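# Coordinate analysis (summary)
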Amino acid sequence: MYCKRCYAPLTVAEAPRCPNCQRLFDPTKPKTFLQRPFPSAGKIVIQIFGTTIVGIAAAYLVALHQAVRHSGH
Ligand SMILES: [Zn+2]
């Protein structure tokens, strides 16, 4: 079993809580944890997409900031 949030291995012996990020899970409910330490394909796409948008937004803001500085006095 692996954490759905951080993919850390989960042990049922301890409290039903991720030892890494403290996310709660239910050993009797497969939907609350992962069988394998991999995110689902959809989640990977969302993460890549989100990272790309954040990167573009950051680059745009930096470019905008520099343009404002150069066009100033
Ligand atoms: Zn976790």
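Residues numbered from 1 in each chain as written. Predicted model: local features only at pLDDT ≥ 70, side-chain atom pairs only at ≥ 80, totals over all residues.

Moving on to the overall build of the protein chain. When helices and strands are tallied, the protein chain shows 1 helix and 0 strands. For 73 residues, the compact-globule estimate of 2.2 N^0.38 gives 11 Å, and the C-alpha radius of gyration of the protein chain, at 20 Å, exceeds that figure by more than 25%. By its C-alpha atoms, the protein chain is 65 × 25 × 15 Å across when sized along the principal axes. Sequence-distant contacts, at least 24 apart, represent 24% of the contacts inside the protein chain between residues at least 6 apart. (Helix = DSSP H or I, 4+ residues; strand = E, 2+ residues; numbered from the N terminus. Rg over C-alpha atoms; globule rule 2.2 N^0.38 Å. Contact = placed C-beta atoms within 7 Å.)

Quick look at the domain arrangement of the protein chain now. A common way to express how large an interface is: the accessible area buried when the components associate. One can read the domain layout of the protein chain as domain 1 (1-38) and domain 2 (39-70). Computed from C-alpha atoms alone, the centre-to-centre distance between domain 1 and domain 2 is 30 Å. (Domains from an automatic or database assignment.)

Before going further, it helps to spend a moment on helix α1 (residues 41-71). When the terminal C-alpha atoms of α1 are compared, their 45 Å separation across 31 residues agrees well with the 45 Å that a helix rising 1.5 Å per residue should span. Little of α1 is tucked away, with 0 of its 31 residues classed as buried. (Expected span 1.5 Å × (residues − 1). Buried ≥ 20, exposed ≤ 12 C-beta atoms within 10 Å, placed from the backbone.)

A positive phi angle, close to 65 degrees, is found at Y7, a residue other than glycine. Along the chain, Y7 falls in the segment before α1. Judged by C-beta crowding, with 16 C-beta atoms within 10 Å, Y7 ranks as partly exposed. Even without a glycine there, the phi angle at Q22 is positive, about 70 degrees. One can find Q22 in the segment before α1. Residue Q22 is classed as exposed on the basis of its 11 C-beta neighbours within 10 Å.

Considering the arrangement of structural elements, one finds N20 in the segment before α1. Under the C-beta neighbour-count criterion, N20 is labelled partly exposed, with 13 such atoms within 10 Å. Sequence separation of N20 and P37 is 17 residues, and the distance between their C-alpha atoms is 14 Å. With residues up to four places along the chain from it excluded, the contact list for N20 reads C3, C6 and A8.

It is worth spelling out the environment of L10 at this point. Within the fold, L10 resides in the segment before α1. When the C-alpha atoms of L10 and N20 are compared, they prove to be 9.0 Å apart, with 10 residues separating the residues in sequence. Those residues within four positions of L10 in sequence are excluded, and the remaining contacts are M1, Y2, C3, C18, F25 and F33.

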